[in-house]
Amino acid sequence: MNEMNVILLGAPGAGKGTQAAVLCKEFSVPHISTGDMFRQAVQAQTPLGLSAKSFMERGELVPDEVTVGIVAERLAADDTARGFLLDGFPRTLPQAGALDDVLGQLRKGLTAVLNIEVPEEELIRRLTGRQVCKVCGATYHRLFHPSSQGEACGLCGGALYQRVDDSEATVRSRLLVYSRQTTPLIEHYRQRGLLKNIDGLLPIDVVTERLRELLRVRHDRTEIRP
Ligand code: ADP
Ligand code: AMP
């Protein structure tokens, strides 16, 4: 079977992490989320975490050279042999270029770029109501996707918390950063024939089904760039 080398594109709050959790399990590929990698590094107070922390708290992007470095290392791991799902990377055109270089060195190509589309006002509602499990990282929403155990995780019982960058002020900065620095990627991947748009306003399980169908069709056709 061919590799499933996929980018999940979409604004903060579009539902990338929620969908990746289901699809990665189903297709047995690793979920590579740069946001999660940075948060773990911040938590562990590693040099990477210390350099990323202030950018994240302000809702700004961590510099490209730092971000590209951690992704290059992660993609070289053995568990990407059958594919991977990138969530939150690339976020700038230089990151997209660096990803091509890294994949070229690994003799891999992208299979698809799945873009989850959600309007800004809905993104604000989603991010400001988001809750994350401290233990297993599962994502909930106070209104749209509440945990079956209230303030505890429905999967593992861990405490739920709100991300520091999910305050309304920081959310607005993040959405501005997204619109300025990340939206050019949509046209970039459209021109390469890799882009598929998905209506992210649909219920979570319907979005999963749409993504699943696109992945089944497209992961037979991997783009090999010269
Ligand atoms: P991202 O990883 O793209 O930043 P998340 O997957 O964390 O986004 O989702 C953001 C918030 O929106 C979470 O609280 C999640 O429960 C909620 N959410 C995700 N998808 C949907 C959906 N289709 N409808 C309603 N709420 C959703
Ligand atoms: P996320 O979990 O994807 O919402 O990312 C949280 C934060 O991590 C972002 O606001 C950035 O500060 C940082 N981050 C995550 N991915 C990237 C990336 N590809 N490039 C730069 N910064 C990133």
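Refer to the preceding data block for the structure.
Residues numbered from 1 in each chain as written. Chains lettered and ligands numbered in written order. Predicted model: local features only at pLDDT ≥ 70, side-chain atom pairs only at ≥ 80, totals over all residues. Heavy atoms only, no water.

Student: Sorry if this is basic, but what is going on with the overall build of the protein here?
Tutor: For the protein, the helix and strand inventory stands at nine helices and eight strands. Taking 2.2 N^0.38 as the reference for a compact globule, 226 residues should give roughly 17 Å; the C-alpha atoms of the protein span a radius of gyration of 17 Å, in line with that estimate. Considering only C-alpha atoms, the protein reaches an extent of 50 × 40 × 30 Å along its principal axes. The 226 residues of the protein split such that 47% are buried. Residue pairs at least 24 apart in sequence account for 72% of intrachain contacts in the protein once pairs closer than 6 positions are excluded. When the accessible surface of the protein is split by element, carbon and sulfur atoms take 52% of a total near 11,400 Å². For the protein, the separation between the mean place of its 28 positive charges and that of its 28 negative charges on side chains is 1 Å. (Helix = DSSP H or I, 4+ residues; strand = E, 2+ residues; numbered from the N terminus. Rg over C-alpha atoms; globule rule 2.2 N^0.38 Å. Buried < 20%, exposed > 50% of the residue type's maximum accessible area, 1.4 Å probe, protein only. Contact = heavy atoms within 4.5 Å. Areas by Shrake-Rupley, 256 points an atom, 1.4 Å probe, with all protein chains shown as cover. Lys, Arg positive; Asp, Glu negative; His and termini not counted. Charge placed at Lys NZ, Arg CZ, Asp CG, Glu CD.)

Student: Even after reading the chapter, I still don't get the side chain of Lys-16, so can you show me in this structure?
Tutor: Here Lys-16 shows up in helix H1 (residues 16-27). Despite its burial, Lys-16 pairs with no opposite charge; the closest candidate is Asp-87, at 4.7 Å N-O. Contact partners of Lys-16, with chain neighbours within four places excluded, come to Leu-8, Leu-9, Gly-10, Ala-11, Asp-87, Gly-88 and Ile-116. (Salt bridge = Lys/Arg side-chain N within 4 Å of Asp/Glu carboxyl O.)

Student: So what exactly am I meant to see when it comes to the sheet that holds strand S7 (residues 160-161) here?
Tutor: Within a beta sheet, neighbouring strands are joined by backbone hydrogen bonds and run either parallel or antiparallel to one another. In spatial order, the strands read S6-S5-S7; together these three strands make up an open sheet with antiparallel pairing. Looking at strand neighbours, the two that pair on one side only are strand S6 (139-141) and S7, the edges of this open sheet. In this structure, strand S5 (residues 130-133) lies alongside S7, joined through two bridges in antiparallel fashion. By the bridge assignment, Val-132 is partnered in S7 with Tyr-161. (Pairing = 2+ DSSP bridges.)

Student: Help me understand the sheet that holds strand S3 (residues 83-87) in this model?
Tutor: In spatial order, the strands read S2-S3-S1-S4-S8; together these five strands make up an open sheet with parallel pairing. The open sheet terminates on both sides in strands that have one partner only, identified here as strand S2 (31-33) and strand S8 (195-199). Recorded for the sheet is a direction-independent mean angle of 25° between the axes of neighbouring strands. Inspection of the sheet shows strand S1 (residues 4-10) paired to strand S4 (residues 112-117) by five bridges, in the parallel sense. By the bridge assignment for S4, Val-6 is matched with Ala-112. (Axes fitted to C-alpha atoms, helices over the stretch in contact; angles between N-to-C directions.)

Student: Honestly, the site of ligand 1 in this entry has me stumped. Any pointers?
Tutor: Surrounding ligand 1, one finds 19 residues, the nearest of these being Gly-13, Thr-18, Arg-130, Tyr-140 and Leu-202. Within the side chain of Arg-126, one N or O atom sits 3.3 Å away from a nitrogen atom of ligand 1. Within the side chain of Arg-130, an N or O atom sits 2.6 Å from an oxygen atom of ligand 1. Contact with the protein chains removes 93% of the 570 Å² of surface that ligand 1 exposes when unbound. (Near = heavy atom within 4 Å. Polar contact = N/O pair within 3.5 Å; in protein donor to acceptor, adjacent residues only side chain to side chain.)

Student: Teacher, can you tell me more about the site of ligand 2 here?
Tutor: Around ligand 2 there are 16 residues in total, and Thr-34, Arg-39, Glu-60, Gly-88 and Gln-95 lie nearest to it. When ligand 2 is considered free in solution it has 480 Å² of accessible area, and contact with the protein chains removes 96% of it. Looking at the shell around ligand 2, its residues break down into five nonpolar, five polar and six charged. (Nonpolar A, V, L, I, M, F, W, Y, C, P; charged D, E, K, R; others polar.)

Student: Any chance you could explain the state of the cysteines here in plain terms?
Tutor: Covalent bonding between the sulfur atoms of two cysteines defines a disulfide. Considering all chains together, one arrives at zero disulfides under this definition. As a non-bridged cysteine, Cys-136 has Cys-153 as the owner of its nearest cysteine sulfur, 3.7 Å distant. Overall, the relative accessible area of 41% leaves Cys-136 in the partly exposed class. (Disulfide = S-S within 2.5 Å.)

Student: Just checking my understanding: could you explain unusual backbone geometry for this structure?
Tutor: Comment: phi is negative for the bulk of residues other than glycine, and the bulk of peptide bonds are trans. In this structure, the amide linkage connecting Phe-89 to the following residue, Pro-90, adopts the cis form with an omega of -5°. Assignment of secondary structure puts Pro-90 in the loop between S3 and helix H5 (93-105). Non-glycine residue Ser-28 carries a positive phi angle of around 55°. By the secondary structure assignment, Ser-28 is in the loop between H1 and S2. Residue classification places Ser-28 among the partly exposed residues on the basis of a relative accessible area of 46%. One non-glycine residue, Arg-107, lies in the positive phi region at around 55°. In this fold, Arg-107 is placed in the loop between H5 and S4.

The values are spatial; any link to function lies outside them.
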